[in-house]
Amino acid sequence: MCGITGYVGAREASEVVLQGLHTLEYRGYDSAGVAAFINGNINVVKAVGKVSNVEEKIAALGTLKGAHCGIGHTRWATHGAPSDTNSHPHGTENIQIVHNGIIENYAPLRAMLQSNGFTFVSETDTEVAAKLIEYHYNNCHSREDALVYAMRDIIGSYAIAVMFRDCPETLYAIRKDNPLIIGVGEGENFVASDIAAVLRYTKTYYQLGDLELAIVTKDSICMMDMDKKEVSHPLLTATWSIEAAERGGYDHFMIKEINEEPEAVEKTLHPRIRDMMPNFEEENLSDERLKNAKSVTFVACGTAMHAGLVGKTAIEQLCRVPVKVEIASEFRYNDPILSEEDLVVIISQSGETADSLAALRLAKEKGAYTLGIVNVIGSTIAREADNVIYTWAGPEISVASTKAYTVQISLIYLLTIKMAYLKGKISEAEAKEYTRILYEDMPSLIKDTIAKEEEIKDAAKLFAKYEDLFFIGRGIDYHLAMEGSLKLKEISYIHSEAYAAGELKHGTISLITTEMPVIALATQEELYEKMISNIREVKARGAKVLLVAREGAKDAAAEAEKVIYLPRCEKFFTSIPLATVLQMLAYYVARERGCDIDKPRNLAKSVTVE
Ligand code: M6R
């Protein structure tokens with residue numbers, strides 16, 4: 001997804017901005033550009049493709065050298081194909097902007113501007129925003145007013161950094177429904193869509209609020225609302241180190257992040273456990289709220305939605321409360337039936353996913369109590385939910401979500417234990433024992449799973465040559481099959497289907513041949529025999545089978561080409577080590593196939609458009 005960086009201070013602006021853009025590359029993009037003040041003018045350099053293309057162009061042209069104030073952007077195309085012309089920054093000789101988000105009413109705005117003499121060179125909605133600001137500035141002669149008027153006109157979402165030619169060494173910024181931070185340095189300041197972009201220079205920052213504008217010079221930061229009244233925000237400190245935002249010796253962020261799972265789970269769970277009982281006092285999550293919840297609805301997208309499916313099995317099993325899991329992009333248009341007694345849990349790593357945010361707002365509108373399970377501090381979902389529980393996974397850079405999912409499900413298990421206890425479905429002793437397993441055993445259990453790397457690598461070799469495969473499972477294993485399948489498709493480009501094993505013979509078993517291998521997940525003791533029957537059915541049609549089973553599973557080796565045994569684990573929690581196995585399997589298959597693992601084609605890390 002698009003990324004923004006901006007700098008004002010004594011350093012070479014284009015270098016700082018380019019550095020920030022490199023850090024933001026993980027978000028996914030298709031073109032980039034930089035603008036900077038030079039001798040009273042704003043010079044722009046942009047190019048389709050990698051940030052390094054812009055870097056080379058800047059070095060060759062030399063037109064940004066000596067600038068101390070600049071903005072930059074990585075673009076992920078929405079309006080208009082990736083091209084030099086459609087790349088940001090956009091504007092005129094008087095104003096240049098970079099923009100994340102979507103201007104929904106760009107067409108009527110463009111027509112209005114055209115009738116006022118403006119012409120357009122790109123297909124972008126961003127150029128419309130730039131010229132809209134200029135239009136207002138020409139009329140009102142106040143930069144602040146021009147920005148406020150533009151915010152009033154624009155329907156949609158945006159984080160925009162602006163440079164006005166007649167106000168050098170100053171950055172302006174506005175935002176609505178898209179993240180924008182102001183990084184605070186000494187004698188220098190920054191704007192960025194993501195703290196990771198400026199982490200090399202500062203860890204302290206402000207989060208600009210919705211419908212606010214900021215004026216940033218090297219020595220001052222002024223934030224104001226639409227009435228031009230100054231507003232203040234808490235100064236936040238990023239807990240992420242630069243090293244955490246880099247690969248730290250691993251070949252890919254994805255495998256680095258999988259290796260961080262034991263620590264991430266510990267960091268997420270330990271502060272919420274007191275006297276070996278789940279404790280959410282810090283989050284002000286009242287016991288009454290959990291105890292009285294009549295239903296739970298998880299709403300999320302992609303992997304985060306699959307975490308909700310694990311939550312459904314766990315909560316229904318232990319709390320006997322009905323749970324729904326909704327895809328956010330569907331939920332938002334389905335007129336959901338909700339009331340005050342319903343708990344709606346929005347799960348999101350980024351906290352900025354457009355569909356999940358819209359679903360959150362709808363759930364609030366319908367009167368439900370909303371709880372965010374979010375990884376990024378101060379993100380929009382975290383701020384807008386009635387309550388938020390942060391997953392302390394640290395930055396997840398790889399587009400494929402791994403550690404974020406593992407901590408999401410671990411946290412949901414902890415919530416489940418609390419809810420089951422409050423509802424009187426389990427005793428205190430049972431609650432303490434479940435909590436102890438999460439607290440004491442889980443981090444080392446994930447480490448033991450990661451230690452199976454060589455076995456998983458070997459299994460990956462079996463599948464790397466196929467173009468299609470099936471994942472099958474029953475119960476919670478079926479939900480994990482969905483996640484394993486998504487991960488594999490996403491990064492290895494192998495087409496796969498996740499199927500409830502018992503459903504195969506109702507149609508899709510016709511696809512099973514010698515060219516269609518099957519990954520069978522059979523970690524649930526009570527469903528094991530049923531799974532073995534399903535495995536025999538596919539083997540009888542020629543399929544090669546990889547079986548993932550509990551340690552000690554009966555005759556497993558005789559039933560499949562290859563077996564991966566999970567480390568011994570309380571059965572309620574097997575989805576946690578199983579998730580790690582499936583993530584590593586996808587990773588090694590993609591690696592075997594030489595894929596661009598951290599930045600799979602067509603994908604973005606944070607999907608801030610609908
Ligand atoms: O930031 P979010 O958790 O809201 O993102 C949701 C999905 O876009 C995300 O989980 C996506 O499915 C992953 N790339 C899958 O690995």
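Everything here concerns the structure above.
Reading the values: rules and limits
Residues numbered from 1 in each chain as written. Predicted model: local features only at pLDDT ≥ 70, side-chain atom pairs only at ≥ 80, totals over all residues. Heavy atoms only, no water. Helix = DSSP H or I, 4+ residues; strand = E, 2+ residues; numbered from the N terminus. Contact = heavy atoms within 4.5 Å. Pairing = 2+ DSSP bridges. Axes fitted to C-alpha atoms, helices over the stretch in contact; angles between N-to-C directions. Buried < 20%, exposed > 50% of the residue type's maximum accessible area, 1.4 Å probe, protein only. Near = heavy atom within 4 Å. Polar contact = N/O pair within 3.5 Å; in protein donor to acceptor, adjacent residues only side chain to side chain. Areas by Shrake-Rupley, 256 points an atom, 1.4 Å probe, with all protein chains shown as cover. Nonpolar A, V, L, I, M, F, W, Y, C, P; charged D, E, K, R; others polar.

Caption draft 1: Structural context of the side chain of Asp477. Here Asp477 shows up in helix α16 (residues 476–492). Leave out the neighbours within four places in its chain, and Asp477 touches Leu521, Ala522, Thr523, Gln524 and Leu578.

Caption draft 2: Expanded view of the sheet that holds strand β23 (residues 495–500). Pairing is parallel across the open sheet formed by five strands, whose spatial order is β23-β22-β24-β25-β26. The open sheet has two free edges, formed respectively by β23 and β26 (562–566), since each of these has just one partner strand. Between one strand axis and the next, the sheet turns by 15° as a mean value, whatever way the strands run. In the sheet, strand β22 (residues 468–473) pairs with strand β24 (residues 518–522) via four bridges, with the strands oriented parallel. Within β24, the residue paired with Gly473 across the bridge is Leu521. Across the sheet, α16 is in contact with β22, β23 and β24; its angle to β23 comes to roughly 175°. Across the sheet, helix α19 (residues 575–592) is in contact with β22, β24, β25 (545–550) and β26; its angle to β26 comes to roughly 140°.

Caption draft 3: Quick peek at the environment of Ile512. Checked against the element boundaries, Ile512 lands in the loop between β23 and β24. For the pair Ile512 and Gly542, spaced 30 residues apart in sequence, the C-alpha to C-alpha distance is 7.4 Å. With near-sequence residues (within four places) excluded, Ile512 lies in contact with Phe470, Val518, Val538, Arg541 and Ala543.

Caption draft 4: Inspection of unusual backbone geometry at higher detail. In this chain, His88 is followed by Pro89 through a cis amide linkage whose omega measures 0°. Structurally, Pro89 is set in the loop between β4 (69–75) and β5 (90–91). Despite not being glycine, Glu169 has its phi angle at roughly 55°, a positive value. You can see Glu169 is positioned in the loop between β7 (156–164) and β8 (171–176). When its relative accessible area of 35% is taken as the criterion, Glu169 is described as partly exposed.

Caption draft 5: How the structure looks around the site of the ligand. Not every one of the 13 residues close to the ligand is listed here, only the nearest: Ser348, Gln349, Ser350, Thr353 and Glu490. Between the ligand and Gln349, the relevant distance is 2.6 Å, taken from an oxygen atom to a main-chain nitrogen or oxygen of the residue. A distance of 2.7 Å is found between an oxygen atom of the ligand and a side-chain nitrogen or oxygen belonging to Glu490. Protein burial of the ligand: of its 410 Å² of free accessible surface, 91% is covered by the chains. Elements with a contribution of two residues or more to the shell around the ligand: α9 (302–319) and α16. Top element by residues in the shell around the ligand is α9. It accounts for three residues. Grouping the constituent residues of the shell around the ligand by class yields four nonpolar, seven polar and two charged.

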